Amino acid sequence: QVPDSFSATMMQSTLRRAATASFARRAAFSSVPEASGKMTLNFNLPHETIYSGVQVSSVIVPGAAGEYGVTANHVPLVAQLKAGVLQILHEASGEPEKYFVAGGFSLTHENSVTDITCPEAVKLDDIDGAAVSANFDVAKSKYSSAVSGSSEQAEAQVDMEVNRSMGAALGMTLN
């Protein structure tokens, strides 16, 4: 039988070592001083690098499990992105830079670095609402006329969902 005071001392010692190791790892691998309040963003498409090593205040990510924000010293996280709006805040009090992303992945590292990789991204200001509405209608028509369960119907459904999400990002309701 081990006395309770021994168990408490062992627990404190273990927690102290874990906290010290975590702090040492963060300090050793951090590319951004913790006091700066900034994080490093890498934002890439297959054909273009939008940001590489840029210091930003925060990023709001359209995660498949829900929208979430990332700031300096965020816990490590890997997330699948859904079609939606990615917001980049260069300064804490400024207006966010907004991109519509069709999906992708976000990887937040322990050292205040976040990598975002998307198959496609477009600045929200560059999206034409009329074109989104027209593309949605075409996809809806293709979906209705395709054989049930076919690859054509699946492709049309994906097109409908992407255009619906793009429309929602612009404040439109497409049904």
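Anything mentioned here points back to the structure above.
Computed from a predicted structure; not experimentally measured.

(A) The arrangement of the pairing of strand β8 (residues 104-108) in detail. Here β8 shows one buried face, formed by G104, S106 and T108, and one open face, formed by F105 and L107. As defined by bridge partners, strand β5 (residues 77-81) adjoins β8 across 5 bridges and the pair is classed as antiparallel. Note on β8: the bridge partner recorded for A79 is S106. The sheet contact formed by β8 and strand β9 (residues 113-117) spans 4 bridges and is antiparallel. Bridge pairing links L107 to D115 in β9. Here β8 folds back onto β9, and the loop between the two strands holds 4 residues, one of which, S112, carries a positive phi near 65°.

(B) Expanded view of the packing of aromatic side chains. Taken as a whole and assessed by the stated rule, the structure comprises 1 aromatic pair. A ring pair is formed by F43 and Y99, whose centres lie 5.2 Å apart and whose planes are at 85°; its orientation type is edge-to-face. Remark: Y99 occurs in strand β7 (residues 97-101) and F43 occurs in strand β1 (residues 39-45); sequence separation between them is 56 residues. Since its relative accessible area comes to 0%, F43 is described here as buried. Its relative accessible area of 7% is what places Y99 among the buried residues.

(C) Spatial organisation of unusual backbone geometry. A positive phi is found at N73, a non-glycine position, where the angle reads about 65°. Judged by its relative accessible area of 26%, N73 is partly exposed. Although it is not a glycine, S112 sits at a positive phi angle of roughly 65°. Residue position: S112 is located in the loop between β8 and β9.

Calculation rules
Residues numbered from 1 in each chain as written. Predicted model: local features only at pLDDT ≥ 70, side-chain atom pairs only at ≥ 80, totals over all residues. Heavy atoms only, no water. Buried < 20%, exposed > 50% of the residue type's maximum accessible area, 1.4 Å probe, protein only. Helix = DSSP H or I, 4+ residues; strand = E, 2+ residues; numbered from the N terminus. Pairing = 2+ DSSP bridges. Phe/Tyr/Trp six-rings, centres within 6.5 Å; stacked < 30°, edge-to-face > 60°.

Without other data, these values stay purely geometric and don't point to any function.
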